[in-house]
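As a plain string of letters, each chain reads:
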Amino acid sequence: MVKIYAVVLVLGVVGLVGWILFRSLADALSRPGIDPELRLGLRGRRVVAGAVGFGMAGMSAEFSPRDFTWPVALGAAVLGCLLAVWWAGRFVPEE
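Residues numbered from 1 in each chain as written. Predicted model: local features only at pLDDT ≥ 70, side-chain atom pairs only at ≥ 80, totals over all residues. Heavy atoms only, no water.

Participant: Residues and numbers for the environment of Val 52, please.
Facilitator: Among the structural elements, Val 52 can be located in helix H3 (residues 41-62). With 37 residues separating them in the primary sequence, Val 52 and Gly 15 have C-alpha atoms 8.9 Å apart. Sequence-distant contacts of Val 52, that is, excluding residues within four places in its chain, are made with Leu 9, Gly 12 and Val 13. (Helix = DSSP H or I, 4+ residues; strand = E, 2+ residues; numbered from the N terminus. Contact = heavy atoms within 4.5 Å.)

Pasting the structure below:
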């Protein structure tokens, strides 16, 4: 399961960095066509946040000194994903 958490975390972080870069580039160049906030919206933001939350929580549970079993680590990963999805939807930029 560690490999799955690692891959999802890398994809989420790449998505997050790309989101930040393209959002700032669209703002600097006044090109709303490349703004992921407008193109992908809240659903895209939640997908990226969910990937980061799943990967971070899963890796944290797997490498915890408490030595959790894999179902407990998977539950922690899913909980981390749900919390990240909720957090990303909670703070929506004002129009």
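Further notes follow.
Participant: Tell me about a nonpolar patch on the surface, and name the residues and values.
Facilitator: Judged by side-chain polarity, Leu 79, Leu 83, Trp 86, Trp 87 and Phe 91 come together as a nonpolar surface patch covering roughly 580 Å² of accessible area. Within the secondary structure, Trp 87 is located in helix H4 (residues 70-90). (Patch = residues over 30% accessible without salt bridge, like charges linked within 9 Å, V, L, I, M, F, W, Y side chains within 5 Å. Areas by Shrake-Rupley, 256 points an atom, 1.4 Å probe, with all protein chains shown as cover. Salt bridge = Lys/Arg side-chain N within 4 Å of Asp/Glu carboxyl O.)

Participant: Summarise H4; cite the residues concerned and give the values.
Facilitator: Compared with an ideal rise of 1.5 Å per residue, which puts 21 residues at 30 Å, H4 spans 30 Å between its outermost C-alpha atoms and is within 8% of the ideal. Residues of H4 that are buried include every one of Ala 73, Ala 77, Gly 80, Ala 84, Ala 88 and Gly 89, and no others. Buried residues of H4, seen end-on, are gathered within an arc of 160° and therefore sit on one face of the element. Counted as exposed and oriented over 90 degrees from the buried face of H4: Leu 82 and Leu 83. Those residues of H4 hidden inside the fold are in contact with helix H1 (2-29) and H3. (Expected span 1.5 Å × (residues − 1). Buried < 20%, exposed > 50% of the residue type's maximum accessible area, 1.4 Å probe, protein only. Arc of directions from axis to C-beta.)

Participant: Explain unusual backbone geometry to me, using residue names and the numbers behind them.
Facilitator: Excluding glycine, a negative phi dihedral is what most residues carry, and trans is how most peptide bonds are arranged. At Ser 30, a residue that is not glycine, the phi angle is positive and equals roughly 55°. Along the chain, Ser 30 falls in the loop between H1 and helix H2 (36-39). Even without being a glycine, Asp 67 presents a positive backbone phi close to 55°. Structurally, Asp 67 can be placed in the loop between H3 and H4.

Participant: How would you summarise the nonpolar core if you had to cite specific residues and measurements?
Facilitator: One finds Tyr 5, Phe 54, Ala 61, Ala 73 and Ala 77 forming the largest nonpolar core, which totals 5 residues. Elements with a minimum of two residues in this core: H3 and H4. Setting aside chain neighbours within four positions, we find Phe 54 in contact with Ile 4, Tyr 5, Val 8, Leu 74, Ala 77, Val 78, Gly 80 and Cys 81. (Core = buried A, V, L, I, M, F, W, Y, C linked by side-chain atoms within 4.5 Å.)

Participant: Residues and numbers for the packing of H3 against H4, please.
Facilitator: Contact geometry of H3 with H4 gives a least axis separation of 7 Å together with a crossing angle of 150°. Between H3 and H4, the interaxial angle falls into the category roughly antiparallel. Judged by the sense of rotation from one axis to the other, the crossing of H3 with H4 is right-handed. On the side of H3, the interface is formed by Leu 42, Arg 45, Arg 46, Ala 49, Gly 50, Gly 53, Phe 54, Ala 57, Gly 58, Ala 61 and Glu 62, while H4 contributes Trp 70, Ala 73, Leu 74, Ala 76, Ala 77, Val 78, Gly 80, Cys 81, Ala 84, Val 85, Ala 88 and Gly 89. Of the residues contributing to the contact of H3 with H4, the split by class is 15 nonpolar, 5 polar and 3 charged. (Axes fitted to C-alpha atoms, helices over the stretch in contact; angles between N-to-C directions. Parallel < 35°, antiparallel > 145°, perpendicular 65-115°, else oblique. Left-handed = near helix turned anticlockwise from the far one by under 90°. Nonpolar A, V, L, I, M, F, W, Y, C, P; charged D, E, K, R; others polar.)

Without other data, these values stay purely geometric and don't point to any function.
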